[in-house]
Amino acid sequence: MGVAELRGMKSFGYNVITGRWFMLFASLLIMSVAGATYMFGAYSNEVKTSLGYDQSTLNLLSFFKDLGANVGVVSGLINEITPPWVVLSLGVLMNFFGYFMIWLAVSGRIAKPQLWKMCLYICIGANSQTFANTGALVTCVKNFPGSRGSLLGLLKGYVGLSGAIITQLYHAFYGDHNPQALILLIAWLPAAVSFLFLPTIRIFNTVHQPKNNRVFYHLLYISLCLAGFLMVLILVQNKLSFSRIEYTVDGLVVLSFLLLPLAVVFREEVNHLKAKTEGLTDSAPELKVVTEVIPPPNVEQEVLPTTTSSHEKSSCFRNILNPPKRGEDYTILQALFSVDMLTLFVATTFGAGGTLTAIDNLGQIGNSLGYPSKSTTTFVSLVSIWNYLGRVAAGYASEVLLAKYKVPRPYMVTLVLLLSCVGHILIALGVPNSLYLSSVIIGFCFGAQWPLMFAIISEIFGLKYYSTLYNLGGAASPVGSYILNVKVAGVLYDKEALKQLKAKGLTRETGKDLTCVGVQCYRMAFIIITASTLVACLASLILALRTRKFYRGDIYSKFRREHETTENETDITKNGVRCSG
């Protein structure tokens, strides 16, 4: 009996580790450290001073970081033809190489690299995030297609929360006031987590179950508790000085919250095992009934070839401007040249581009407005937490509004973009202590845009080429970042800084960083950003009007039909085998 129990435990443990719920847990952990690109504001001042950059140069570096973080077409194309572990492995190598080279440069362990090399390093390091997203997040969406709004909100929420998570782990590992160590942590931690869970991330041929939403809500509650704890911790750390031991204890609490979803995994696997054993006991009486209903598969087999032949007849190039109905599987070129994708691209370019500019410049905005240096990590952590809340709120709320009231997701995008204008205006006005509120608003709005955009892409253009289309949609963000961050915010900041130097009768020395002080450093830039965000609002409203009829219908009916067909074929095959035996 002891041997049997041991074998049973081993079998159960194997089922847990190889199950789809453990795959979701592994994806949550990968996502929880995959948002290092949002922490640029925490170490940008260190890069600027140690390498002697002006703001335009720093913003150019930031643009290449955004370019790498959002242009994931390569990872998408690779994921179309390889299993997810290949994509994740490439992400591990790129993450460590890129950020480790930046750490070597900033810490002075290698000679000061040329600017193009630094741009290349940060682009490679940031691009690893797209490989993590494609390998883990896209795989989860394909495994749970009927709950994509909630799932995208949850997974992208953990990405948003990762900045605060990494910050607390940084305090636990390295203490405080050591930005160089933060860069080193960003180099090895995400790479280590992805490498650990490489074998568990894969596609499962499973049927969507109604109870999935209940599980996602339980995971949401755990993540909300983690976000609440981090919020309280950040406020306390901003007011008090912590010792190394206290930072270590805080890090252990954060780690325990990250591991808590394992309880949900074990519960679901136990329930699945119970359901499976109950199904086996009831299987014998059902054999005769099922074997008598064998003829329907012939009908299914007659239907399937027609859909296959219609796909075979379609030519990728001949039908670029003749796409299928919304919700069907578009080809990559059909989606790329569609008016819906163009409208969504414009909304994301000027919407996400504006909020991303604010996030990347938080450190310099705080310095110019006279905030203490300790507040910089507070701003970054606030953005991270509210980034998370925006993602889960948008993902779950849009799912509820769509299911109950048929509210198109693009309407939610419009509301989020309007709210972000408030944060931009607060920065432009420079109201005392308003940067804390701005960080909250901008973090929330930046986070909320992503699950909405990715869900819209999956719903309108289908899931067949989602790995590539997902990353094509994300490419809009660095375009907006280049326009608004490099060409607007960076240029206007340096122009004002040079004006202040000239007023003091000084000239800039070669190799010295260029610093601006005062509200005027970013005022005009964020007035322009506010105007561009209003353009993004108009674009998303146009998309909402174009797709309102589509969202009034049953957009998930296709997946239910496919799942019912798969389930029926599986049942008939199993019962046919039993009868023949």
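Basis of the calculations
- Residues numbered from 1 in each chain as written.
- Predicted model: local features only at pLDDT ≥ 70, side-chain atom pairs only at ≥ 80, totals over all residues.
- Heavy atoms only, no water.
- 1 Å grid on protein atoms, 1.4 Å probe; cavity = no way out; pocket = protein on both sides within 12 Å on 5 of 7 lines; lining within 4 Å.
- Points joined across faces, edges and corners; volume = space filled by probe spheres on them.
- Helix = DSSP H or I, 4+ residues; strand = E, 2+ residues; numbered from the N terminus.
- Nonpolar A, V, L, I, M, F, W, Y, C, P; charged D, E, K, R; others polar.
- Buried < 20%, exposed > 50% of the residue type's maximum accessible area, 1.4 Å probe, protein only.
- Salt bridge = Lys/Arg side-chain N within 4 Å of Asp/Glu carboxyl O.
- pLDDT = per-residue confidence, 0-100.
- Contact = heavy atoms within 4.5 Å.
- Expected span 1.5 Å × (residues − 1).
- Bend = angle between axes of the 7 residues up to and from the residue.
- Phe/Tyr/Trp six-rings, centres within 6.5 Å; stacked < 30°, edge-to-face > 60°.

Got a sec to walk through empty space enclosed by the protein? Specific residues and values, please.
Following the criterion strictly, the structure yields seven cavities of 30 Å³ or more and no others. Within this model, the largest cavity holds a volume of roughly 150 Å³. Lining the largest cavity are 19 residues, with Asn95, Ser128, Gln129, Ala132 and Pro190 positioned closest to its centre. When contributions to the lining of the largest cavity are tallied by element, the ones reaching two or more residues are helix H6 (84-106), helix H7 (115-143) and helix H9 (179-196). By residue number, the principal contributor to the lining of the largest cavity is H7, which donates six residues. Here the residues of the lining of the largest cavity are counted per class, giving twelve nonpolar, seven polar and no charged. Each pocket or cavity is described by its volume, and for the second largest cavity that value is around 110 Å³. As for the second largest cavity, its lining consists of Tyr38, Ala69, Asn70, Gln129, Thr130, Asn133, Lys156, Trp450, Phe454, Tyr470, Asn471 and Gly474. Among the elements of the structure, helix H4 (55-70), H7, helix H20 (434-461) and helix H21 (466-474) are those that each provide at least two residues to the lining of the second largest cavity. When its residues are assigned to classes, the lining of the second largest cavity shows five nonpolar, six polar and one charged.

Which residues make up unusual backbone geometry, and what values go with them?
Here lysine 406, not a glycine, exhibits a phi torsion of approximately 55 degrees, which is positive. Considering the arrangement of structural elements, one finds lysine 406 in the loop between helix H18 (374-405) and helix H19 (409-429). Despite not being glycine, asparagine 433 has its phi angle at roughly 65 degrees, a positive value. Within the secondary structure layout, asparagine 433 lies in the loop between H19 and H20. Judged by relative accessible area, asparagine 433 falls into the exposed class, the value being 56%.

Provide a residue-level description of the pattern of salt bridges, including the pertinent values.
Tallied over the entire structure, the rule returns nine salt bridges. Taking the shortest distance from any N to any O, the salt bridge between glutamate 268 and arginine 214 comes out at 3.4 Å. Residue glutamate 268 is found in helix H12 (residues 261-281), and its partner arginine 214 is found in helix H10 (residues 212-239); the two are separated by 54 residues along the sequence. A salt bridge links aspartate 340 to arginine 546; the nearest nitrogen and oxygen atoms lie 2.8 Å apart. One end of the pair, aspartate 340, is in helix H16 (residues 339-360); the other, arginine 546, is in helix H23 (residues 523-552), and 206 residues separate them in sequence. Assessed through its relative accessible area of 36%, arginine 546 is described here as partly exposed. One connected set of salt bridges, linked through shared partners, spans Lys65, Asp66 and Asp360.

If you had to explain the confidence of the model for the protein chain to someone new, which residues and values would you point to?
Detailed reading of the predicted coordinates is not advisable wherever pLDDT is low. Of the residues in the protein chain, 85% have a pLDDT of 70 or more, and the chain-wide mean is 83. This model gives residues 280-314 a pLDDT under 50, and the stretch forms 14 contacts once residues within four places in sequence are excluded. Contacts of residues 577-581 to residues separated by more than four positions or lying in other chains number five contacts, the stretch itself having pLDDT below 50.

Describe H23, listing the residues and the values that go with them.
Between its terminal C-alpha atoms H23 stretches 42 Å, which fits the 44 Å expected from 30 residues at 1.5 Å a residue. At arginine 546, H23 shows its largest bend, some 45 degrees.

Tell me about helix H22 (residues 476-503), and please be specific about residues and values.
Over its 28 residues, H22 runs 39 Å from end to end, which matches the ideal 40 Å to within 8%, given 1.5 Å per residue. Of all the bends in H22, the largest measures some 30 degrees and sits at asparagine 485. Positive phi shows up at glycine 505, right after H22, with a value of about 75 degrees.

Tell me about the packing of aromatic side chains, and please be specific about residues and values.
For any pair of aromatic rings, geometry is given as the distance between the ring centres together with the angle between the planes. This model, assessed by the stated rule, comprises 29 aromatic pairs. Centroid distance phenylalanine 96 to phenylalanine 100: 5.0 Å. Interplanar angle 15 degrees. Geometry classified as stacked. Pair noted here: phenylalanine 96 and phenylalanine 100 are both in helix H6, with a separation of four residues, about one helical turn. What makes phenylalanine 100 partly exposed here is its relative accessible area of 25%. In this structure an aromatic cluster arises from ring pairing among Tyr38, Phe446, Trp450 and Phe454.

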